[in-house]
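Coordinate analysis (summary)
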Amino acid sequence: ERCNIAGSRRFKRLISNKKYEDALQVALDQVENGAQVLDINMDDGLLDGVAAMTKFLKLIVPDPAIAKVPIMVDSSKFHICEAGLQVVQGKCIFNSISLKAGEDLFIEQARKLKRYGCAVVVMAFDEEGQAATLQDKIRICKRAYDILTGEKVKFPPWDIIFDPNVLTIATGIAEHNSYAMDFIKATKWIRENLPHAHVSGGLSNLSFSFRGLNNLRESMHAVFLYHAIRDGMDMGIVNAGALPLYTDVPQDLLKLLEDAILNKHEKATDNLLEYAEKARESKTTGGTKKKEAAEWRKLSVEDRLTHALIKGIVKHIDEDTEEARKKFDKPLEVIEGPLMKGMSTVGDLFGAGKMFLPQVIKSARVMKKAVAYLIPFMEEEKKASGNMNSHAGVVLIATVKGDVHDIGKNIVGVVLACNNFKVVDIGVMCPLDKILNEAKKCNADIIGLSGLITPSLDEMVDVAKEMDKRGFKVPLLIGGATTSRMHTAVKLAPKYKNPVVHVLDASRAVVVCSNLLDKNQKEDYCEDIAELYQDMREEYYEGLSDVKYETIENARKRPYKINWASEPAPVKPKCLGTKVYKEYDLRELVDYIDWNPFFQTWQLRGKYPNRNYPKIFKDANVGKEAKRVHGDALKMIDDIIKNKTLECRMIVGLYPANSDGDDIIVYTDEERKEEQCRYFTLRQQALKEDRDDPYMAMSDFVAPKGSGIKDYVAMFAVSAGFGVEEAVKKYQNDHDDYKSIMLKAVADRFAEAAAERVHELIRKDLWGYAKEEKMSVEDMLRVKYQGIRPAPGYPSQPDHTEKLTMWKHMNVEKETGIQLSESLAMMPAASVSAICFANPKSKYFAVGKVCKDQIEDYSARKGMKNEVVEKWLAADLAYDRA
């Protein structure tokens, strides 16, 4: 809540002084630090709330670096929030409404919010005041839910976020002792009885009695969250401080906190207060932990194997596995006994948030090594080998045809394997027939499809259709960066009669697969999913009819205007044509690495203010693990550079250019008489209420053909993935998933670093329009330089087919070896491409949905059939294609 007048003195000062551009940095810092929602509040007696809210949000909306997270419009005055909703694209959260002023106003406000399509925080207040007891929380939330979802409003239940009020415990007042438990019970009741509704709460109130004892307060929050999340709390505001792991809370303190939070007995508050007094006196709430590293070696062999799995210790695995093999009657019993016991514990700890993904991957490595040791012995025992089907189910996973990205899929596979699923990973770029034939061959219980690029969405639809046509009955799971629950509900689920489920990330995969294969839960679970997706489809199609669009003809009358006559003349590049770099020195790229996506790959997310690199190392929850994984990455980078494991190749092109409407003409030479090629751009069409707001296209950033101004464009393609495949095979042969995934993650970081480096070379040297630029890498990663480098297939130009022009124009494949798949994914996967614009006013934007009139015009300009263009831009159409 840093963009909240009441929550940040700095933000309040900037807004009061009308320094809105500077205030934007507050929002950007939050997003870069990992904020999942931006709360915007302009409540101040000396401020015009409506004007401040709309002005600030208008600055946020066109900035994709900020606007990629949901906006929470927050005010005690409904009309201020409403003004905010009117200027923000996408889905907002409205904070908040309640029954405090009665049902009539509540219904009126809810109806308005439904029209805006936002989610809403509903506070547990009514005409009698704040809900403090369990009975009041349930009564008010039930009443609000019934009104909202009933005939008078018909508000989508999944857009309701209840805040049942987290109140202070351990105050010394007896009636306050049950407040935490009442919240937890109310949460459980809401999630069980008010379908699809969410539950949120602010935690700082809980521990208010212990101000000044931060360690105690943070431990209190961790324990509370542990129990509240288990009972359904899925959103929350935590104090801007680090949360310790539940398992790291000292046992003596943990017992006191659980006694108080769960209200176990009458003396719980007194005991906790006594502990707090001692903590105040000693200024500490914890003790030192002493461990003897070798102690576990004295355990029984079964316990040693379990311990090694949980801790990811490979060192003694062969000797311990051999000892266990001799102890058990059959090798399979070693797997079904201590090894599965250990992996089951790993799965439980990961599911409960007590283990992190890198630790799980290391556990899987231990498991694979142990199993690999036993396989020769099991093969000798045909009977034992024939009974090796004690797994929870067979899951086939594949990256669809044309797509080469598989880090996320690999992680899902490891996590499922840790939970006793047999995973059959058939790799990347898998054609439809291969997926379905392999599924039959391995008798798969579930098929999982993965994809990163937008053309993969269409490929997934084709797979779903064919599964239905061939009479498949198994569930279909959908995952990957380009996928979404809405796309799955609207485009995929109707194509296949059996369950189709979107899986957000690896941590959800186990729950989904378990529910789908549990005979007692499957029917209810599938019915819930089908009902949810049906509601989402209805919401989607209703939403399509609500959004208005401008015709392409009218949109072109309001382009992004640059006064070319008054602008400084474009700088002519130092050299025109292409320049190729092979075996580019990786040492030069290390300083350009953006580490934040690396931690996201490993699903390590710090809490504010320690969300971003390097602050994530200070995070009480994930800091230690983040530092260890980062250390492993640095060691691998040293090894890669020393052994020349990976090779980086880059190609840059600089060309004379001018715009022609929505096209960018690239000329053969400075005479500008002969066109070498054209790059085609798309223009925004979603209706803009403010007449000053332009409908943007990338061609707006290049001087028009008839202006007499000589302009230029640059483009590049880079890859740091040469050598990845060979190295990964070695790790896989050694059953080392951790290093396999680590190598791919590091290669991705090198590719992005190469893109930053080559763009810097373009700006300062090859094109030289910013020769004097002196910028830290940190500022570079914050895009503080002049110009932009949008990539085909991304929001400013969502059409991947523009890569074909780029590849032919620069002869990319011949010069560098970087190829394009049939879905136009770059190969190797650790590759980046972009077209570069130099104008100081150029900026990133999202084209958004486009209408049929523009598609027909665009197809004609490109010389492609409408249906082909529609297929490539399927996710960006404002209409349903035939």
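In this report, the structure presented in the accompanying data block is examined. Since this is a predicted model, take the numbers as computed values, not measurements.

1. With respect to a negative patch on the surface
- Residues Glu523, Asp524, Glu527, Asp528 and Glu531 make up a contiguous surface patch of negative charge.
- Within the secondary structure, Glu523 sits in helix α22 (residues 522-546).

2. Things to note about the side chain of Asp74
- Here Asp74 lies in strand β2 (residues 71-74).
- Sequence-distant contacts of Asp74, defined by excluding residues within four places in its chain, comprise Asn4, Asp39, Ile40, Asn41, Met42, Met53, Cys81 and Asn95.

3. Topic: the pattern of salt bridges
- On inspection of all chains with the given rule, the structure shows 57 salt bridges.
- A salt bridge links Arg325 to Glu322; the nearest nitrogen and oxygen atoms lie 3.0 Å apart. Separated by 3 residues within a single helix, Arg325 and Glu322 lie in helix α13 (residues 317-327), roughly one turn from each other.
- Of the residues examined, Glu322 reaches a relative accessible area of 16% and is grouped as buried.

4. Let's talk about the pairing of strand β3 (residues 93-97)
- Of all 5 residues that make up β3, 4 are buried, and the element is covered over most of its length.
- Here β2 pairs with β3 via 3 bridges, running parallel. What sits directly across from Val73, in β3, is Phe94.
- What joins β2 to β3 is helix α5 (residues 78-85), and the crossover it makes is right-handed.
- When β3 meets strand β4 (residues 119-123), the two strands line up parallel, connected through 4 bridges.

5. Considerations on the pairing of strand β21 (residues 831-836)
- Among the 6 residues of β21, 6 are classified as buried, and the element is accordingly described as predominantly covered.
- Side chains of β21 alternate between two faces, with Ser831, Ser833 and Ile835 and Val832, Ala834 and Cys836 buried alike.
- Across 6 bridges, strand β18 (residues 711-722) lies against β21 in antiparallel orientation. For Ala714, the partnering residue across the bridge sits in β21 and is Cys836.

6. Concerning the sheet that holds β3
- One open sheet holds the 6 strands; their spatial order is β1-β2-β3-β4-β7-β8, and the pairing between them is parallel. Lying at the two open borders of the sheet, with one neighbouring strand each, are β1 (38-41) and β8 (198-199).

7. Some thoughts on the packing of helix α8 (residues 179-193) against helix α9 (residues 214-230)
- Contact geometry of α8 with α9 gives a least axis separation of 8 Å together with a crossing angle of 25°. The orientation of α8 relative to α9 falls into the category roughly parallel. Considering the relative orientation of α8 and α9, their crossing is right-handed. Counted together, Ala180, Phe183, Ile184 and Thr187 of α8 and Phe224, His227 and Ala228 of α9 form the full contact between these two elements.

8. Concerning the packing of aromatic side chains
- Evaluation of the coordinates by the stated rule reveals 17 aromatic pairs.
- Between Tyr373 and Phe377, the aromatic rings sit 5.7 Å apart at their centres with planes inclined by 40°, giving tilted as the arrangement. One end of the pair, Tyr373, and the other, Phe377, are both in helix α15 (residues 357-380), 4 residues apart, so they sit about a helical turn from each other.
- Since its relative accessible area comes to 24%, Tyr373 is described here as partly exposed.
- Each ring, one from Trp595 and one from Phe598, has its centre 5.2 Å from the other, and the planes form 90°; the classification is edge-to-face. As far as the burial class goes, Trp595 and Phe598 line up, both buried.
- In textbook terms, an aromatic cluster arises when at least three aromatic residues are bridged by ring pairs, as seen for Trp595, Phe598, Phe599, Tyr613 and Phe617.

9. Some thoughts on the nonpolar core
- Residues Ile435, Ile447 and Phe716 are the most contacted members of the largest nonpolar core, which totals 136 residues.
- Top element by residues in this core is helix α27 (residues 737-766). It accounts for 16 residues.
- Apart from the residues within four sequence positions on either side, Ile435 is in contact with Leu396, Ala398, Ile426, Cys430, Ile447, Leu449 and Val463.
- Listed in part, the 94 residues of the second largest apolar core include Cys92, Val166, Tyr226 and Tyr275.

10. Here we look at the environment of Lys55
- Along the chain, the position of Lys55 falls in helix α3 (residues 49-60).
- Since its relative accessible area comes to 44%, Lys55 is described here as partly exposed.
- Spatially, the C-alpha atom of Lys55 lies 45 Å from that of Asn177, the residues being 122 residues apart in sequence.

11. Details of α3
- The first and last C-alpha atoms of α3 sit 16 Å apart over 12 residues, in line with the 16 Å expected at 1.5 Å per residue.
- Listing the buried residues of α3 in full gives Gly49, Ala52, Met53, Thr54, Phe56, Leu57 and Ile60.
- Tucked inside the fold, the buried residues of α3 contact α1 (9-16), α2 (20-32), β1, α4 (64-67), β2 and α5.

12. Quick word on empty space enclosed by the protein
- Applying the stated criterion across every chain yields a total of 1 cavity of 30 Å³ or more.
- In this structure, the largest cavity encloses a volume near 70 Å³.
- In terms of lining, the largest cavity is formed by Ile664, Tyr679, Phe680, Thr681, Met698, Pro790, Ala791, Pro792, Gln797, Glu802, Met806 and Ile835.
- If you list the elements that add at least two residues to the lining of the largest cavity, you get β17 (675-680) and α29 (802-810).
- Residues that form the lining of the largest cavity fall into these classes: 9 nonpolar, 2 polar and 1 charged.

What counts, and at which threshold
Residues numbered from 1 in each chain as written. Predicted model: local features only at pLDDT ≥ 70, side-chain atom pairs only at ≥ 80, totals over all residues. Heavy atoms only, no water. Patch = residues over 30% accessible without salt bridge, like charges linked within 9 Å, V, L, I, M, F, W, Y side chains within 5 Å. Areas by Shrake-Rupley, 256 points an atom, 1.4 Å probe, with all protein chains shown as cover. Salt bridge = Lys/Arg side-chain N within 4 Å of Asp/Glu carboxyl O. Lys, Arg positive; Asp, Glu negative; His and termini not counted. Charge placed at Lys NZ, Arg CZ, Asp CG, Glu CD. Helix = DSSP H or I, 4+ residues; strand = E, 2+ residues; numbered from the N terminus. Contact = heavy atoms within 4.5 Å. Buried < 20%, exposed > 50% of the residue type's maximum accessible area, 1.4 Å probe, protein only. Pairing = 2+ DSSP bridges. Right-handed = clockwise from strand over helix to strand, strands pointing away. Axes fitted to C-alpha atoms, helices over the stretch in contact; angles between N-to-C directions. Parallel < 35°, antiparallel > 145°, perpendicular 65-115°, else oblique. Left-handed = near helix turned anticlockwise from the far one by under 90°. Phe/Tyr/Trp six-rings, centres within 6.5 Å; stacked < 30°, edge-to-face > 60°. Core = buried A, V, L, I, M, F, W, Y, C linked by side-chain atoms within 4.5 Å. Expected span 1.5 Å × (residues − 1). 1 Å grid on protein atoms, 1.4 Å probe; cavity = no way out; pocket = protein on both sides within 12 Å on 5 of 7 lines; lining within 4 Å. Points joined across faces, edges and corners; volume = space filled by probe spheres on them. Nonpolar A, V, L, I, M, F, W, Y, C, P; charged D, E, K, R; others polar.

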